[in-house]
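Survey of secondary and tertiary structure
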Amino acid sequence: MPEYAALIAPAAAEFAGILRGIGEPEFTARTPCAEYDVRALLNHLLYWGPWLEAAGRKASPPELVTGEAEAGLVGDDWLDALEKQTARLVEVFGTPAAWEGQTTFGGNQMPASMAGYMVLDEFVFHGWDLAKATGADFAVLPEVADAVHAIALEIGEQARAMKVYGEEVVVAEGATTLERALGATGRNPGWTP
């Protein structure tokens with residue numbers, strides 16, 4: 001949805017704030033994503049960011065040299081690299097045109113809006129994952145929470161089939177919109193390390 005373009009920058013700002021609070025001693029901390037510790041999640045973000053950027057620009061994807069697990073992208077300059085990548089994603093997906101028409105991601109044709117959904121999800125859900133792992137506070141604007149909740153409900157079945165989301169977690173009555181969105185992606189809002 002092109003109207004979500006305006007939400008990319010505020011979501012990215014909260015995400016970047018979480019990144020700046022991460023120190024190397026926290027790289028081995030568990031995250032709510034069972035298969036990732038903090039270092040592996042940062043590697044995941046650095047690995048897929050260029051693919052998402054290419055999808056937003058409707059350009060050719062990066063050349064695949066190695067798989068995500070073998071990439072080893074978290075070097076001494078990881079924060080600078082991730083901040084620059086985040087800024088590029090904001091530049092691309094902060095414009096409605098990136099959300100319109102068709103694009104390619106991972107060799108598959110898909111609606112360009114799906115790539116935008118993925119970027120918003122990465123900023124919010126993985127930002128929350130990193131915050132929970134490192135003990136940081138995490139908040140998003142109400143309209144960002146509304147958007148990711150709507151996205152999680154719209155693509156939930158497909159995302160679960162692709163193992164992108166886990167099985168839905170039932171959240172408490174009176175849960176916030178963000179907590180309902182987290183539950184819809186298979187995250188437990190009350191998760192602790």
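Just so we're clear, the structure is a prediction, and the values are computed from it rather than from any experiment. (Residues numbered from 1 in each chain as written. Predicted model: local features only at pLDDT ≥ 70, side-chain atom pairs only at ≥ 80, totals over all residues. Heavy atoms only, no water.)

Glancing now at the overall build of the chain. Within the chain one finds 7 helices and 2 strands. Element order for the chain, N to C, with α for helix and β for strand: α-α-α-α-β-β-α-α-α. For a compact globule of 193 residues, the expected C-alpha radius of gyration is about 16 Å, and the chain comes in at 16 Å, within 12% of that figure. Counting over 193 residues, the chain shows a buried share of 47%. (Helix = DSSP H or I, 4+ residues; strand = E, 2+ residues; numbered from the N terminus. Rg over C-alpha atoms; globule rule 2.2 N^0.38 Å. Buried < 20%, exposed > 50% of the residue type's maximum accessible area, 1.4 Å probe, protein only.)

Turning next to the environment of Val65. The topology assignment puts Val65 in the loop between α2 (38–57) and α3 (68–71). In this structure, the C-alpha to C-alpha distance between Val65 and Leu182, residues 117 residues apart in sequence, is 33 Å.

Further remarks concern the packing of helix α6 (residues 142–161) against helix α7 (residues 177–184). The contact between α6 and α7 brings their axes to 8 Å, and the two run at 10 degrees. Comparing the axis directions of α6 and α7 gives the class roughly parallel. Regarding α6 and α7, the two cross each other, and that crossing is left-handed. Residue-level inspection shows Ala145, Asp146, Val148, His149, Ala152, Leu153 and Arg160 of α6 in contact with α7, the latter providing Thr177, Leu178, Arg180, Ala181 and Ala184. Residue composition of the contact of α6 with α7, by class: 7 nonpolar, 2 polar and 3 charged. (Axes fitted to C-alpha atoms, helices over the stretch in contact; angles between N-to-C directions. Parallel < 35°, antiparallel > 145°, perpendicular 65-115°, else oblique. Left-handed = near helix turned anticlockwise from the far one by under 90°. Contact = heavy atoms within 4.5 Å. Nonpolar A, V, L, I, M, F, W, Y, C, P; charged D, E, K, R; others polar.)

In this section: the environment of Thr192. Relative to the assigned elements, Thr192 resides in the segment after α7. When its relative accessible area of 54% is taken as the criterion, Thr192 is described as exposed. Sequence spacing of Thr192 and Phe138 is 54 residues, and the spatial spacing of their C-alpha atoms is 14 Å.

This part takes up the confidence of the model for the chain. Chain-level statistics for the chain give a pLDDT mean of 94 and a share of 99% at 70 or above. Per-element averaging of pLDDT across the chain places α3 at the bottom with 88 and helix α4 (residues 78–93) at the top with 98. (pLDDT = per-residue confidence, 0-100.)

Turning to its location among the elements, Gly186 is positioned in the segment after α7. Taking C-alpha positions, Gly186 is 8.8 Å from Val170, a pair spaced 16 residues apart along the chain. Among residues more than four places away in sequence, those in contact with Gly186 are Gly166, Glu167, Glu168 and Val169.

Turning our attention to the side chain of Thr86. Positionally, Thr86 belongs in helix α4. By relative accessible area, Thr86 is classed as buried at 6%. For Thr86, the contacting residues outside a window of four places in its chain are Ala12, Phe15 and Phe123.

Attention now moves to the nonpolar core. Among the nonpolar cores identified, the biggest contains 60 residues, and Leu42, Trp78, Phe93 and Leu130 are the most heavily contacted of them. At the level of elements, α1 (5–20), α2, α4, α5 (112–134), α6 and α7 are the ones that each hand at least two residues to this core. Ignoring anything within four residues of it in the chain, the contact list for Phe93 reads Ala5, Ile8, Leu52, Gly56, Ala98, Trp99, Ala115, Gly116 and Val119. (Core = buried A, V, L, I, M, F, W, Y, C linked by side-chain atoms within 4.5 Å.)

Right, let's talk about unusual backbone geometry for a bit. Glycine aside, negative phi is the norm for most residues, and most peptide bonds take the trans geometry. Even without being a glycine, Lys58 presents a positive backbone phi close to 55 degrees. The topology assignment puts Lys58 in the loop between α2 and α3.

Turning to the packing of aromatic side chains, a few remarks are in order. The relative placement of two aromatic rings is captured by the distance of their centres and the angle of their planes. All chains considered together, the criterion is met by 10 aromatic pairs. Between Tyr4 and Tyr117 the ring centres are 6.2 Å apart and the planes differ by 50 degrees, which places this aromatic pair in the tilted class. Here Tyr117 lies in helix α5 and Tyr4 lies in the segment before α1, a separation of 113 residues in the sequence. The exposure class assigned to Tyr4 is buried, which follows from its relative accessible area of 12%. Their ring planes at 40 degrees and their centres at 5.1 Å tell us that Phe15 and Phe123 sit as a pair that is tilted. With Phe15 in helix α1 and Phe123 in helix α5, the pair connects residues that are 108 residues apart, well separated along the chain. Classification of Phe15 as buried rests on a relative accessible area of 1%. Members of the aromatic cluster, connected to one another through ring pairs, are Tyr4, Phe93, Trp99 and Tyr117. (Phe/Tyr/Trp six-rings, centres within 6.5 Å; stacked < 30°, edge-to-face > 60°.)

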